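So you can see what is in the structure, the chains are spelled out below.
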Amino acid sequence: MTVAMYLIAICLVAVCASSSFFSLAAYTVSRKRILAYLGAFSIAYTIEQAFILYNEYSTQNLPATEEWGAMEDPLFHILLGAALCQPLWLAILDFADEGRKQWKHGPIAGFFGVSLFFFVMPNIDDSMRKWILYSLRQFFLLGASLYFWLQYLGIDSAVERTRYRRKVPIMAVFTALAILIFLEDTVVMLLVPEPASHGNFLTEFLYRRNIAEIALFVCIIGYAVRSSVRALELKRDQPPSPADLTNPHQRQMQEALPYFAKRHELSSREEEILGYMLDGMSNQQIAQLLQVTVGTVKTHTSHIFKKVGAANRADLVQKFWSES
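Definitions and cut-offs
Residues numbered from 1 in each chain as written. Predicted model: local features only at pLDDT ≥ 70, side-chain atom pairs only at ≥ 80, totals over all residues. Heavy atoms only, no water. Axes fitted to C-alpha atoms, helices over the stretch in contact; angles between N-to-C directions. Helix = DSSP H or I, 4+ residues; strand = E, 2+ residues; numbered from the N terminus. Parallel < 35°, antiparallel > 145°, perpendicular 65-115°, else oblique. Contact = heavy atoms within 4.5 Å. Nonpolar A, V, L, I, M, F, W, Y, C, P; charged D, E, K, R; others polar. Core = buried A, V, L, I, M, F, W, Y, C linked by side-chain atoms within 4.5 Å. Buried < 20%, exposed > 50% of the residue type's maximum accessible area, 1.4 Å probe, protein only. Salt bridge = Lys/Arg side-chain N within 4 Å of Asp/Glu carboxyl O.

Enquirer: So what about the packing of helix α11 (residues 268–278) against helix α14 (residues 313–323)? Which residues, and what values?
Expert: Pairs of packed helices are described in terms of their axes, by the angle between the two and the distance that separates them. Where α11 meets α14, the axes come as close as 11 Å, and the angle between the chain directions of the two elements is 100°. What the angle tells us is that α11 and α14 run roughly perpendicular. Residues Leu-274, Met-277 and Leu-278 of α11 pack against Arg-313, Leu-316, Val-317 and Phe-320 of α14. Its residues assigned to classes, the contact of α11 with α14 shows six nonpolar, no polar and one charged.

Enquirer: Any details on the nonpolar core? Residues and values, ideally.
Expert: Tyr-45, Leu-216 and Ile-220 are the most contacted members of the largest nonpolar core, which totals 49 residues. The set of elements that each furnish at least two residues to this core consists of α1 (3–30), α2 (33–58), α3 (74–95), α4 (101–120), α5 (126–153), α7 (168–191) and α9 (211–234). When near neighbours in sequence (up to four residues on either side) are disregarded, Ile-220 contacts Leu-38, Phe-41, Leu-88 and Phe-174.

Enquirer: Could you give me a rundown of the environment of Met-281, with the residues and numbers involved?
Expert: By the element assignment, Met-281 lies in the loop between α11 and α12 (283–290). Not counting residues within four places of it along the chain, the set of residues in contact with Met-281 comprises Tyr-276, Ile-286, Leu-289 and Arg-313.

Enquirer: Go over the environment of Ile-221 with me, naming the residues and quoting the values.
Expert: Looking at the secondary structure, you find Ile-221 in helix α9. Between the C-alpha atom of Ile-221 and that of Ser-23, which follows or precedes it by 198 residues, the distance is 9.2 Å. Apart from the residues within four sequence positions on either side, Ile-221 is in contact with Val-15, Cys-16, Ser-19, Phe-41, Ser-42 and Tyr-45.

Enquirer: Describe the pattern of salt bridges, and please don't skip the residues or the numbers.
Expert: What the rule picks out here adds up to seven salt bridges. With a closest N to O distance of 3.3 Å, Asp-97 and Arg-263 form a salt bridge. Separated by 166 residues along the polypeptide, Asp-97 in the loop between α3 and α4 and Arg-263 in helix α10 (residues 248–263) bring together distant segments of the chain. The salt bridge partner of Glu-98 is Arg-100, with a shortest N-O separation of 2.8 Å. Several salt bridges converge on common partners, so that one network encompasses Asp-97, Arg-163 and Arg-263.

This is the structure we're talking about:
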């Protein structure tokens, strides 16, 4: 195994491990579930890459024909596949506000059951078994992508469509790379002949790693880091001043407010007052701005607390940003 391959593998493990700690740290502060899911995904990918690195080191002097086409520890890779796919699926469900248990756990149970079926099935060539077990991951990811696209196309609310549209570029890249992973696995595992010896860097690299898969997972890790940074920046008792609408935090608040109000069934007046509350305005300031009594503002804020399930303003701010 070349020094270049070692460096690539070590850097990948280091990046994945750092991302997992960063995402989970951001989750403990912001309580945004998607950060916990992305952190769990990064942990699973770190373990898989570390396992691959170990196998690359331990088999570096073996003849290629002794290892080509075989899958090291298939059951372990099935478990890792489930650990990689489930957090991404839960992240998509969290975005879609789908909380039913059958949706959360049914697909991954099916993935695990089908994987075990092909794992124990006799009379399957090693290369074919390996291709099937890895392809099931891509089918799961494509199924998750399909769920997002169907949800997006079926939306009637303009508010929710706007919220989904913000994620369309991300999901388009996700879907395209999942397809490329499947195509690359098909070519490498089923069509590339066994190498005569370990002398080709690309052949050795592709044997245990999928370039499109690395690209996809690096994109996911980059998104996790970006989301973690934004969550940590937005975690404050008082949101940023509305004076500068070019502020990305203010823009995010303005974009998330209509959806948050719709989700918690706030009236248009309550939504307006909530926006002022998030801007850090007191009841007295809101009353002066709206030209109503302080008692009227207190009545509206009481209704907002009840509908959102917040105990006070600090709790309300926390809930808003955690759902944004």
